[in-house]
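Structural features, examined
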Amino acid sequence: MELNRRTVIAGATAAGIAAGAGGTAHAAGGSRPVKELFGSLTDGTKVHRWSLANGGTRLKVLSYGGIVQALEISDRRGRYANVSLGFDNLADYVSSSPYFGALVGRYGNRLDKGRFTLDGRTYQLSVNDGENTLHGGAQGFDKRVWDVEPFVKGTDVGLYLRYTSADGEMGFPGTLRTKVTYTLTRHGDWRIDYEATTDRATVVNLTSHVYWNLAGESSGTVYDHQLAIEASRFTPVDAGLIPTGELARVAGTPFDFRRAKSVGEDIRVPHQQVLYGQGLDHNWVLDKGITSRPEHIATLRDPSSGRTLRIATNEPGLQFYSGNFLDGTLTGSGGSVYRQGDGLCLETQHFPDSPNQPAFPSTVLRPGRTYRTSTVHSFDV
Ligand code: BGC
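So, a few notes on the structure that sits alongside this text. For clarity, every value in this text was computed on a predicted model and none was experimentally measured. (Residues numbered from 1 in each chain as written. Predicted model: local features only at pLDDT ≥ 70, side-chain atom pairs only at ≥ 80, totals over all residues. Heavy atoms only, no water.)

Per the secondary structure count, the chain includes 2 helices and 30 strands. The C-alpha radius of gyration of the chain comes to 19 Å, within 12% of the 21 Å expected for a compact globule of 381 residues. Here the C-alpha coordinates of the chain stretch approximately 55 × 50 × 40 Å along the principal axes. By residue count, 59% of the 381 residues in the chain fall in the buried class. Summarising the internal contacts of the chain: among those between residues at least 6 apart in sequence, 67% fall at separations of at least 24. (Helix = DSSP H or I, 4+ residues; strand = E, 2+ residues; numbered from the N terminus. Rg over C-alpha atoms; globule rule 2.2 N^0.38 Å. Buried < 20%, exposed > 50% of the residue type's maximum accessible area, 1.4 Å probe, protein only. Contact = heavy atoms within 4.5 Å.)

Neighbouring the ligand are Pro98, Tyr99, Arg110, His135, His209, Tyr211, Leu241, Asp281, Gln319, Tyr321, Phe325 and Glu347. Between the ligand and the protein, one listed contact pairs an oxygen atom with a side-chain N or O atom of His209 at 2.8 Å. The separation between an oxygen atom of the ligand and a polar side-chain atom of Gln319 is 3.2 Å. Relative to its unbound accessible surface of 310 Å², the ligand loses 94% to contact with the protein. For the shell around the ligand, the class distribution of residues is 6 nonpolar, 3 polar and 3 charged. (Near = heavy atom within 4 Å. Polar contact = N/O pair within 3.5 Å; in protein donor to acceptor, adjacent residues only side chain to side chain. Areas by Shrake-Rupley, 256 points an atom, 1.4 Å probe, with all protein chains shown as cover. Nonpolar A, V, L, I, M, F, W, Y, C, P; charged D, E, K, R; others polar.)

Here we come to the pairing of strand β22 (residues 281–286). Consecutive side chains along a regular strand alternate between the two faces of the sheet. Most of β22 sits inside the fold, with 6 of its 6 residues counted as buried. The pairing of strand β19 (residues 231–235) with β22 spans 4 bridges and is antiparallel. Along β22, the bridge assignment pairs Arg233 with Val285. For β22 and strand β25 (residues 317–321), the ladder comprises 5 bridges, and the chain directions are antiparallel. If you follow Asp281 over to β25, its bridge partner there is Tyr321. (Pairing = 2+ DSSP bridges.)

All chains considered together, the criterion is met by 14 salt bridges. One salt bridge connects Asp119 with Arg366, and the closest N-O pair in it is separated by 3.0 Å. Residue Asp119 is found in the loop between β8 (115–118) and β9 (121–124), and its partner Arg366 is found in the loop between β29 (364–365) and β30 (371–380); the two are separated by 247 residues along the sequence. The exposure class assigned to Asp119 is exposed, which follows from its relative accessible area of 56%. Note that Glu169 and Arg144 form a salt bridge whose closest N and O atoms lie 3.8 Å from each other. Taken together, the residues span a long stretch of sequence, with Glu169 in the loop between β12 (156–165) and β13 (176–184) and Arg144 in the loop between β10 (133–134) and β11 (147–153) at a distance of 25 residues. For the pair shown, Glu169 and Arg144 are each scored as buried. (Salt bridge = Lys/Arg side-chain N within 4 Å of Asp/Glu carboxyl O.)

Another point: the sheet that holds strand β4 (residues 68–74). On the basis of which strands lie adjacent, the open sheet formed by 5 strands has the order β1-β2-β3-β4-β5 and antiparallel pairing. The two strands at the open ends of the sheet, each matched to only one other strand, are β1 (34–40) and β5 (80–82). Each strand of the sheet is rotated relative to its neighbour by a mean of 20°, with strand direction disregarded. (Axes fitted to C-alpha atoms, helices over the stretch in contact; angles between N-to-C directions.)

A sheet is described by the order of its strands in space; here 9 strands give the open sequence β11-β12-β13-β14-β30-β24-β23-β18-β21, paired in antiparallel fashion. The open sheet is flanked by β11 and β21 (261–262), the only strands paired with a single partner. Relative to β13, β12 runs antiparallel, the two sharing 9 bridges. Residue pairing for β13: Leu161 is matched across the bridge by Val180.

Across 2 bridges, the pairing between strand β18 (residues 226–229) and β21 is antiparallel. When the sheet's bridge partners are listed, Gln226 is paired in β21 with Ser262. By the bridge criterion, 4 bridges tie β18 to strand β23 (residues 295–301) in an arrangement that is antiparallel. Looking at β23, one finds that Leu227 is bridged to Leu300.

This is the structure:
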């Protein structure tokens, strides 16, 4: 991973470690978010961690990258676990995070050769994944310090996260004013509302990069989790994981999750697309398409704990990444080494490389318009 010198850490460690079972004491109901120092960047910028809880869900969020550092929910016997992969210290997030828990932007997923043309002008972006741009370039939104403001509204508690991306940052045109709202509802749902405006035409695709393991991070692989995705098609990719432009049917392929099946069931099928992704790492074309409100699109369930995650979104796509590139070189917040398949990402979004694919739904944002998308994560046992 490429590192910007300014962001190398000056020996920062967390004031507290992500709590596992029976961890931090949160008042029941929607208590006001609590702020603590998490570490400092080498330029002295302080990074804070916010803890919030509501309806049985506990969330810890860093001002760095808007990172979900821990998300704790209970199992059917009332035992809490952190179901999101991450680190217990800022230095690891800065130096080696594969986007653990992060807010991803300005363009989540890949852009072919780090280039796109808009209104007759071609923009060359920061290239950070072979010859392509991944998740907004070398210093994407996941590596920025966000301005965080807590709120309590009725029975909701949450955080407003704001970041302004300068015109030309990572090669993208337009000053992008971004506001992301994390809300915990009294039912324990975690809702994300993304908003952005620009002063010049640009492209935007914001998402969240939580690695889920509903048995608890550090508990081994997610291959026995049951997953269902409401999608009859997916976007096949080339060897660089750039979509070919085709919307292929999932029927009869390892990509068919229309009926729940275990994540590991077809992960070793020698299908060309599985080989390219070293597992599953693709965009599913959601049957519901773009909707005005979030609609249910996917269910993930861990049979051992009973913990269940349901996702609703108004976005047209879902990148399901089965943690293929976790390779035993990172130690997680619970003290275990993360290996392939120890977590999976379900990233609601527009399709990868849309700016270069005229047939895909547009990701162009123009001045005077507001980009708005929402995703809701509901938990159950
Ligand atoms: C992508 C993977 C990539 C990972 C980086 C995912 O969103 O789909 O290809 O390796 O992010 O952690």
